[in-house]
Amino acid sequence: MERVLLDHIALGLPRIADAAPVLAGVLGGVPDGGGQIEVIEPAGEDGFLRRFLTQRGRGVHHVTFKVPSTRAACDRARALGLNPVGFDDSDPNWIEAFLHPKEALGIVVQFAESRGVETGATRPQQLPPGVPDPPPPVTLLGLRLRAHSRERADRQWVQILGGVAEATRHHEVTYRWPGSPMCLMVELDPRGAEGPLALEFASGRRVPLPMGPHPALGVTLTQR
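### Some remarks on the overall build of the chain
Phase 1 of the analysis: Per the secondary structure count, the chain includes four helices and twelve strands.
Phase 2 of the analysis: Relative to its length of 224 residues, the chain is compact, with a C-alpha radius of gyration of 17 Å against a globular reference of 17 Å.
Phase 3 of the analysis: Here the C-alpha coordinates of the chain stretch approximately 50 × 45 × 35 Å along the principal axes.
Phase 4 of the analysis: Buried residues in the chain amount to 44% of all 224 residues.
Phase 5 of the analysis: For the chain, the computed accessible surface area is about 11300 Å², with 53% contributed by carbon and sulfur atoms.
Phase 6 of the analysis: Each charge sign in the chain was given a centre, from 24 positive and 25 negative side chains, and these centres are 5 Å apart.

Here it is in structure tokens:
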């Protein structure tokens, strides 16, 4: 399998502007067109993201992997019993498809074949404003999730997406993609609901955070 990269984690919010006070004002992030955290908002009163917010509320919506071939990634998924949806090659510079969270461990997984030319279909036209005097930026380590078994996690993150698995401690596996700045940390628990649990980051400064999911982002932020 050619190299696959974990590109970014996407948060679904009612308004993109809601994220700036936390991502920029607390974590020191800078708005750009290709960062590790993407924030998306509904385009209208209907659509996939409006349904997501109605059913689940704000929070982690999907993870995006840059793949050499979207068709090949879909073929690997089908060979393992999954059913990719939303295949779209109308833009030759951005060919995408998705795994539905009901099959993909409780999270949308996006396969994206990028030819290196960004278009309006792949990035927002206007970036949101940052905040004045942001603090020093934290280092985003990745996303913590839960899966019911090692077999289910390996099928998705190794067999389909080419990740390298590291058993870091009892009932936990970390998946890495060489060249990617982030990783996925998966807790193995057959009883809990599968899906995203927390965004984890490191910083030399103490970052003030609420207990549990952040009210603005809908996901727990954990400092390591």
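Having seen it, we continue.
### So, the sheet that holds strand S3 (residues 59-66)
Phase 1 of the analysis: Reading across the sheet, the six strands line up as S2-S1-S3-S6-S5-S4 and stay open at both edges, with mixed pairing between neighbours. Every other strand in the sheet has two partners, leaving strand S2 (37-40) and strand S4 (85-88) as the edge strands with one partner each. Pairs of neighbouring strands in the sheet enclose a mean axial angle of 25°, with direction left out of account.
Phase 2 of the analysis: Packed onto the sheet, helix H2 (residues 48-56) meets strand S1 (5-12), S2 and S3 and runs at close to 135° relative to S3.

### A word on the layout of surface pockets
Phase 1 of the analysis: Approximately 190 Å³ is the volume attributed to the second largest pocket.
Phase 2 of the analysis: Contributing to the lining of the second largest pocket are Phe52, Arg56, Gly57, Arg58, Gly59, Val60, Pro196, Leu197, Pro213, Gly218, Val219 and Thr220.
Phase 3 of the analysis: Broken down by secondary-structure element, the contributors of at least two residues to the lining of the second largest pocket are H2, S3 and strand S11 (195-202).
Phase 4 of the analysis: Tallied by class, the residues present in the lining of the second largest pocket amount to six nonpolar, four polar and two charged.

### A look at the environment of Trp94
Phase 1 of the analysis: For Trp94, the position within the fold is in strand S5 (residues 94-99).
Phase 2 of the analysis: Relative accessible area serves as the criterion here: at 10%, Trp94 is assigned to the buried category.
Phase 3 of the analysis: Along the sequence, Trp94 and Arg71 sit 23 residues apart, while their C-alpha atoms lie 12 Å from each other.

Parameters and conventions
Once a new chain begins, its residue numbering starts again from 1 and follows that chain's sequence as written. Totals for whole chains, interfaces and linings use all residues, but because this is a predicted model, local features are given only for residues with pLDDT of at least 70 and pairs of side-chain atoms are given and counted only at 80 or more. Heavy atoms from the whole structure form the basis of all side-chain values; hydrogens and water molecules are not counted. For helices the rule is a DSSP run of H or I covering at least 4 residues; for strands it is a run of E covering at least 2, with both sets numbered from the N terminus onward. As defined in this context, the radius of gyration uses C-alpha atoms, and a globule is described by 2.2 Å times the residue total to the power 0.38. Relative accessibility under 20% of the residue-type maximum defines a buried residue, over 50% an exposed one, and the middle range a partly exposed one, all with a 1.4 Å probe and only protein chains included. All accessible-area figures derive from a Shrake-Rupley calculation using a 1.4 Å probe, and residue coverage is judged against the displayed protein chains alone. For the purpose of charge, His is not counted, nor are the chain termini; Lys and Arg are scored as positive and Asp and Glu as negative. Here the site of a charge means NZ on Lys, CZ on Arg, CG on Asp, or CD on Glu. Strand pairing is defined by DSSP finding a minimum of two bridges between the two strands. Each axis is a line fitted through C-alpha atoms, and for a helix only the stretch in contact is used; angles between axes span 0 to 180 degrees, taken between their N-to-C directions. Only heavy atoms enter the contact rule, under which two residues are in contact if any of them lie within 4.5 Å. For each structure, a 1 Å grid was placed over the protein atoms alone; sets of points admitting a 1.4 Å probe that cannot get out are labelled cavities, open sets with protein on both sides within 12 Å along at least five of seven lines are labelled pockets, and lining residues have an atom within 4 Å of a point. Grid points are joined across faces, edges and corners, and a volume is the space filled by probe spheres set on the points. We call Asp, Glu, Lys and Arg charged. Ala, Val, Leu, Ile, Met, Phe, Trp, Tyr, Cys and Pro are nonpolar, and the rest, Gly among them, are polar.

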